[in-house]
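Each chain is listed here by its residues.
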Amino acid sequence: MMMKRSRWLWIAFLLAAAAELFLLAWVRGEYRTVLAEGREYTVPVSVNFSENFYEQNYISLHVPIDKAQWTGAAAPAEGEEVYLAVSGGKDKEMQVLRAQPEQPPQGDYLLVRAKRLDGDVLHFDFPADRLYMDAADIRRISVTELAERVQVRNPDTDKVETRMKNALTAKLRVKDGRAVIEDLLVNGSPVTASYTTVGEIADVKYAASGKEKDEFIPMGSNT
């Protein structure tokens, strides 16, 4: 009896492992398809420096596209998958048109999960937040250069503000509701072409006022 039970446990384990491998292969295949066939867009991004991407095969990015006008008759449930209609503007920059419960009859769209509805504005998380790269390419990126900020005076308020020195954008591919981040651009150039020196592993502590300067602290340091 014990041998028969053990055999069924092994069969269940093998089936679960096979299903997981199949799912992984399907996800990778879908990723490659979107990357190869998707329409190109650009979006502004910021880098998540709280993660040590030198120890990963991806760079964590934040895309500040997280809300759109909701056109549905009823509010979507939290976590419900809905459609975000998008189009391309100047320099292929992604323009959000609206969020809706049904697939747009034409044009590109993204599948996003609803978080909450404020009036007629739907909040969601952008469905892509990682740029996958070879480990060797990631190690070439300098965090200190990528995160550098400058202090400039705002002509409207006459106050000194700290801003990113370089304009960071991501190149996306969109197909059938799926989005893949293809590249990180620094002032319009691929990040691997912008910084060709060995990257410095560091945390970034931004200046809190005009009297301070940004600090770069080695990863793992308690100071």
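Reading guide: rules and limits
- Residues numbered from 1 in each chain as written.
- Predicted model: local features only at pLDDT ≥ 70, side-chain atom pairs only at ≥ 80, totals over all residues.
- Heavy atoms only, no water.
- Phe/Tyr/Trp six-rings, centres within 6.5 Å; stacked < 30°, edge-to-face > 60°.
- Helix = DSSP H or I, 4+ residues; strand = E, 2+ residues; numbered from the N terminus.
- Buried < 20%, exposed > 50% of the residue type's maximum accessible area, 1.4 Å probe, protein only.
- Lys NZ or Arg CZ within 6 Å of the ring centre and 35° of its normal.
- Polar contact = N/O pair within 3.5 Å; in protein donor to acceptor, adjacent residues only side chain to side chain.
- Contact = heavy atoms within 4.5 Å.

### Things to note about the packing of aromatic side chains
And step 1. According to the stated counting rule, one finds 2 aromatic pairs in the structure shown.
And step 2. Relative to Y109, the ring of Y83 lies with its centre 5.4 Å away and its plane at 65°, an arrangement referred to as edge-to-face. Of this pair, Y83 sits in strand 5 (residues 81-88) while Y109 sits in strand 7 (residues 108-118), and the two are 26 residues apart along the sequence. Taken as a pair, Y83 and Y109 share a single burial class, namely buried.
And step 3. Cation over ring: R130 sits above Y58, and NZ or CZ is 4.0 Å from the ring centre.

### Quick word on the side chain of T42
And step 1. When you line up the elements, T42 lands in strand 1 (residues 39-44).
And step 2. The exposure class assigned to T42 is buried, which follows from its relative accessible area of 13%.
And step 3. At 3.4 Å, the side chain of T42 forms a polar contact with the backbone nitrogen of E93.
And step 4. Excluding anything up to four places from it in sequence, T42 contacts D91, K92, E93, M94 and A170.

### Thoughts on the environment of L168
And step 1. The residue L168 is located in strand 12 (residues 168-175) in this model.
And step 2. Given a relative accessible area of 9%, L168 falls into the buried group.
And step 3. For the pair L168 and S46, spaced 122 residues apart in sequence, the C-alpha to C-alpha distance is 6.6 Å.

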